[in-house]
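Notes for the structure review
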There are 2 protein chains.
Amino acid sequence: MNSTILLNNRPEGRPQESDFKFVESEKPSAKDGEILLETKYVSVDPYLRGRMRDQKSYIEPFELNEPITSHIIAEVIETKNDNFKEGDLVTGMLAWKKYQTTSGEQLNKIDTDLAPATAYLGILGMTGLTAYFGLTKIGEPKDGETLVVSGAAGAVGTVVGQIGKIKGCKVIGTAGTDDKVELLKDKFGYDEAINYKTTDNMKEAIASAAPNGVDVYFDNVGGDITDAVLANIARNARVINCGAISVYNDTETPTGPRVEPILIKNSVSMQGFTIGNYQSQFKEGMQQLGKWLKEDKLTYSETIVEGFDNIPQAFIDLFDGKNQGKMIVKV
Amino acid sequence: MNSTILLNNRPEGRPQESDFKFVESEKPSAKDGEILLETKYVSVDPYLRGRMRDQKSYIEPFELNEPITSHIIAEVIETKNDNFKEGDLVTGMLAWKKYQTTSGEQLNKIDTDLAPATAYLGILGMTGLTAYFGLTKIGEPKDGETLVVSGAAGAVGTVVGQIGKIKGCKVIGTAGTDDKVELLKDKFGYDEAINYKTTDNMKEAIASAAPNGVDVYFDNVGGDITDAVLANIARNARVINCGAISVYNDTETPTGPRVEPILIKNSVSMQGFTIGNYQSQFKEGMQQLGKWLKEDKLTYSETIVEGFDNIPQAFIDLFDGKNQGKMIVKV
């Protein structure tokens, strides 16, 4: 039997299990030119929350009662397409289904001799590329500068900090548990890490960790933490707006201190981006990340949840910070 | 007799006459190497409000009981410096005094054959350069794009709109009176202009004027108008944060909708700047502005208030939008 996860409701605030619906169907088979895929690993990511909104201006909102899609690694188990053979592992944007057929046009084969399969959902996939392009192309960190990363223990943040160290920055991260704080310092080379949940005054904590101000801020969370960082921003600083997980579940328009006066006073830039902007340079990014990985300049971590039925819960858990590094569901 | 205007109090909210103090003294005379200047024209500008705050992080706050300084045009009436002769007109950052002596090091002579003296406080001075560098270097407007300018009838805004037209943009301005709206369209070539004081729903008004979204936003005011423009921002748009006059007088930290989600969703950049960032390129900017002025591609307007004693009130009037174009006090 096949199983598919549909969007049942557009979440109000924090997503719930009831926003998703499982439907059973016959296992499909490949038609001419197609391949049949068996899903192996599913990436769950905060940005999917945005696609669950019914916003006309948003790029491709998910349709109600249609399957959710995300980055997936799947195995070719039947092929009527000469470009693929049985046993190939492929990655691409695929539906939350145990089995699916496709022409394979948008898929890339992965090489597990270079790195384990799941790396292609993380450090060699969208999250690694997001960290790489956001930090290097927008942040342009220079030797001796101070870099702050919010959501530092997340899939993107762990990579950002390490690239910051490669570039010669002092790197400071924020995270929500003491375990994560330790991990940032011990495993990912962060110079300092701050537990925002147990810190009374984040503005002072950032000031103390970054006495010369923050030159580059890679923001994955938005909200109060961002306010605290902006209060310590250095002249000519660059802010990379990569994510705003702290407000993704807000049902009303989130408000906060206006940024215009801060930007003007300090000649600061803020640049929002999505990884799609850099599609033409993906190859360059993957080569650089693969090189650093091989040279042991980069490490990564994953939180792997088992079972197709646990995909919605794994997604929901992102908003409680239950992942450490890339959150992946093994089917 | 000489007269000097000192900062008497740091304004709370809207500046008042009592925040300034006039003191009389003997008319000075030039010592060796100095020149004696008689003030002719004084520029009053919104950014001076920021320098009246006691913010350690702000660049050069004014000292209490010291003279305010701004851009001034003055005549050399006595000289003991070979670089200047009597009758020279000079411009530079000078004190709000009827007479003052200086070594002349930071001053530039102006040529009134090229343009009237007051142009050097406006379109050929800081305001023209602010418009030029902000729009061309940060905004990078392209032929066919839509440019929105807030505070469009101000000294900077009137120049921004005209450069936008030279660059081939559709140009939309916001202003606070019907007279200004007419002037923007009739004199400064704006395609559309919106009176924000008589418009109920600015978000809809911008949407209607910019059906394809706003590609470049040159922001002089901040606050509610900026919220309305950001709600209509186009993908890959550039926001130039030049001023935030709407919040300069706020005594508490101004709040508003958070911008991070908008920046991320649409890959938008916001860049605060002050004209000092472009100091090394001032000559290029003045040459280009002078060329456009000579070719009749640029026009400008001034609000000239008479009398040294009216300098504080002219400054205060900026916050009620009583100026149209560059506000200048003729002494």
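About the thresholds
Residues numbered from 1 in each chain as written. Chains lettered and ligands numbered in written order. Predicted model: local features only at pLDDT ≥ 70, side-chain atom pairs only at ≥ 80, totals over all residues. Heavy atoms only, no water. Helix = DSSP H or I, 4+ residues; strand = E, 2+ residues; numbered from the N terminus. Rg over C-alpha atoms; globule rule 2.2 N^0.38 Å. Buried < 20%, exposed > 50% of the residue type's maximum accessible area, 1.4 Å probe, protein only. Least-squares fit on C-alpha atoms with pLDDT ≥ 70 in both. Contact = heavy atoms within 4.5 Å. Buried area = accessible area lost by both parts, 1.4 Å probe. Salt bridge = Lys/Arg side-chain N within 4 Å of Asp/Glu carboxyl O. Disulfide = S-S within 2.5 Å. Pairing = 2+ DSSP bridges. Right-handed = clockwise from strand over helix to strand, strands pointing away. Phe/Tyr/Trp six-rings, centres within 6.5 Å; stacked < 30°, edge-to-face > 60°. Lys NZ or Arg CZ within 6 Å of the ring centre and 35° of its normal. Axes fitted to C-alpha atoms, helices over the stretch in contact; angles between N-to-C directions. Polar contact = N/O pair within 3.5 Å; in protein donor to acceptor, adjacent residues only side chain to side chain. Domains from an automatic or database assignment. Nonpolar A, V, L, I, M, F, W, Y, C, P; charged D, E, K, R; others polar. Arc of directions from axis to C-beta. Parallel < 35°, antiparallel > 145°, perpendicular 65-115°, else oblique. Left-handed = near helix turned anticlockwise from the far one by under 90°.

Labelled according to an unreviewed UniProt entry, chain A appears under the name YfmJ, originating from Croceibacter atlanticus.

**Some points on the overall build of chain A**
A count of helices and strands for chain A gives 9 helices and 16 strands. The C-alpha radius of gyration computed for chain A amounts to 20 Å, which stays within 12% of the reference 20 Å derived for 331 residues, consistent with globular compactness. Taken along its principal axes, the extent of the C-alpha atoms in chain A is 60 × 45 × 35 Å. Across the 331 residues in chain A, those meeting the buried criterion constitute 56%.

**Let's talk about the relation of the copies chain A and chain B**
For these two chains of identical sequence, chain A goes onto chain B by a turn of 180° and a shift of 0.0 Å along the axis, with RMSD 0.0 Å. Accordingly, the operation relating the two chain copies is best matched by a two-fold axis. A share of 100% of interface residues in chain A that are also interface residues in chain B marks the association as one of identical surfaces.

**Comments concerning the interface of chain A and chain B**
At the junction of the two partners, chain A supplies 39 residues and chain B supplies 39 residues. Roughly 2,900 Å² is buried in total at the junction of chain A and chain B, and carbon and sulfur atoms are behind 55% of that figure. A per-residue breakdown of the area chain A buries against chain B is headed by A:Arg258, A:Ile264 and A:Lys265, which together make up 26% of the total. On the surface where chain A and chain B come into contact, there are 4 salt bridges. With a closest N to O distance of 3.8 Å, B:Arg258 and A:Asp224 form a salt bridge.

**Let's talk about the state of the cysteines**
Disulfide: a covalent bond connecting the sulfur atoms of a pair of cysteines. Under the criterion given, the structure shown has 0 disulfides over all chains. Take A:Cys169: it sits in no disulfide, and the sulfur closest to it among the cysteines is that of A:Cys242, at 17 Å.

**What about the pairing of strand β10 (residues 192-195) of chain B?**
Moving residue by residue along a regular strand, the side chains alternate between the two faces of the sheet. Residues and elements named next belong to chain B. Pairing geometry for strand β9 (residues 170-175) and β10, over 4 bridges, is parallel. Bridged to Gly 173 within β10 is Ala 193. You can see the chain leave β9, run along helix α4 (residues 178-186) and come back into β10, and the turn it takes is right-handed.

**Thoughts on the packing of aromatic side chains**
All names here are of chain B. Counted under the stated rule, the structure contains 18 aromatic pairs over all chains. Summarising the aromatic geometry, the rings of Phe 133 and Phe 282 are spaced 6.3 Å apart at their centres and angled 35° between planes, so their arrangement reads as tilted. With Phe 133 in helix α2 (residues 126-139) and Phe 282 in helix α8 (residues 282-294), this residue pair connects regions lying 149 residues apart in the sequence. The ring of Tyr 99 carries the charged tip of Lys 27 above its face, separated from the ring centre by 4.7 Å. Lying over the aromatic face of Phe 84, Lys 109 brings its terminal NZ or CZ to 5.2 Å of the ring centre.

**With respect to the sheet that holds β9(B)**
Spatially, β10(A)-β9(A)-β8(A)-β11(A)-β12(A)-β14(A)-β14(B)-β12(B)-β11(B)-β8(B)-β9(B)-β10(B) is the arrangement adopted by the 12 strands of the open sheet, whose pairing is mixed. Strands with a single pairing partner mark the edges of an open sheet, and in this sheet they are β10 (192-195) of chain A together with β10 of chain B. Along the sheet, successive strands turn relative to each other by an average axial angle of 15°, direction set aside. Running at roughly 170° to β10(B), α4(B) makes contact with β9 and β10 of chain B of the sheet.

**Quick word on the pattern of salt bridges**
In this structure the tally under the stated criterion is 32 salt bridges over all chains. A:Lys85 serves as the salt-bridge partner of A:Asp88, at 3.3 Å between the closest nitrogen and oxygen. With its nearest N and O atoms 3.9 Å apart, the salt bridge here joins B:Glu38 to B:Lys40. Its relative accessible area of 24% is what places B:Lys40 among the partly exposed residues. Taken together, the shared-partner salt bridges in this structure form one network comprising A:Asp224, A:Asp227, B:Arg258 and B:Glu260.

**A few points about the side chain of B:Asn323**
Residue and element names in this part refer to chain B. Structurally, Asn 323 is set in the loop between α9 (311-317) and β16 (326-330). Judged by relative accessible area, Asn 323 falls into the buried class, the value being 9%. When residues no more than four places from it in sequence are discounted, the contact partners of Asn 323 are Gly 154, Lys 180, Thr 303 and Leu 318.

**Comments concerning the side chain of A:Ser301**
Residues and elements named next belong to chain A. Examined against the element boundaries, Ser 301 turns out to sit in the loop between α8 (282-294) and β15 (302-306). Here Gln 324 takes part through its side chain, which lies 2.9 Å from a polar atom of the side chain of Ser 301. Setting aside its immediate chain neighbours within four residues, Ser 301 contacts Lys 187, Phe 188, Gln 324, Gly 325 and Lys 326.

**Remarks on the domain arrangement of chain A**
Residues and elements named next belong to chain A. Looking at the assigned domains, one finds that chain A contains domain 1 (2-122 + 301-330) and domain 2 (126-276). When each unit is reduced to the centre of its C-alpha atoms, the spacing between domain 1 and domain 2 is 29 Å. Taken together, the contact between domain 1 and domain 2 spans 19 residues of the former and 17 residues of the latter. Buried surface at the junction of domain 1 and domain 2, both sides included, amounts to about 1,400 Å², of which 53% is carbon and sulfur. Viewed at the interface, domain 2 and domain 1 are joined by 0 salt bridges. Run the count over domain 1 and domain 2 and you get 5 residue pairs in polar contact (both at pLDDT 80 or more). Grouping the constituent residues of the side of domain 1 that touches domain 2 by class yields 5 nonpolar, 8 polar and 6 charged.

**A few points about helix α4 (residues 178-186) of chain A**
Residue and element names in this part refer to chain A. Residues of α4 that are buried: Lys 180, Val 181 and Leu 184. The buried residues of α4 all sit within an arc of 105° when viewed along its axis, so they share a single face. Away from its buried face, by an angle of more than 90 degrees, α4 presents the exposed residues Asp 179 and Asp 186.

**Quick look at unusual backbone geometry**
Notably, A:Asn65 is not glycine yet its phi reads approximately 60°, a positive angle. Following the sequence through the fold, A:Asn65 ends up in the loop between α1 (48-51) and β4 (69-79). According to the relative accessible area criterion, A:Asn65 is partly exposed, its value standing at 42%. Although it is not a glycine, B:Asp296 sits at a positive phi angle of roughly 60°. The exposed category is assigned to B:Asp296, whose relative accessible area is 69%.

**Details of the packing of α2(B) against helix α3 (residues 155-166) of chain B**
All names here are of chain B. Close contact between α2 and α3 brings their axes to 8 Å; oriented N to C, the two are set at 45°. By the angle between their directions, the pair α2 and α3 is classed as oblique. Crossing hand, α2 versus α3: right-handed. Of the residues in α3, those touching α2 at Thr 127, Gly 128, Thr 130, Ala 131, Tyr 132, Leu 135 and Thr 136 are Ala 155, Val 156, Val 159, Val 160, Ile 163 and Gly 164. Its residues assigned to classes, the contact of α2 with α3 shows 8 nonpolar, 5 polar and no charged.

**Comments concerning the packing of helix α2 (residues 126-139) of chain A against α8(A)**
All names here are of chain A. Two elements in contact, α2 and α8, have axes whose closest approach is 10 Å; the angle formed by their N-to-C orientations is 100°. Considering the angle they form, α2 stands roughly perpendicular to α8. Counted together, Met 126, Gly 128, Leu 129, Tyr 132, Phe 133 and Lys 137 of α2 and Phe 282, Glu 284, Gly 285, Met 286, Gln 288, Leu 289 and Trp 292 of α8 form the full contact between these two elements. Split by residue class, the contact of α2 with α8 holds 8 nonpolar, 3 polar and 2 charged.

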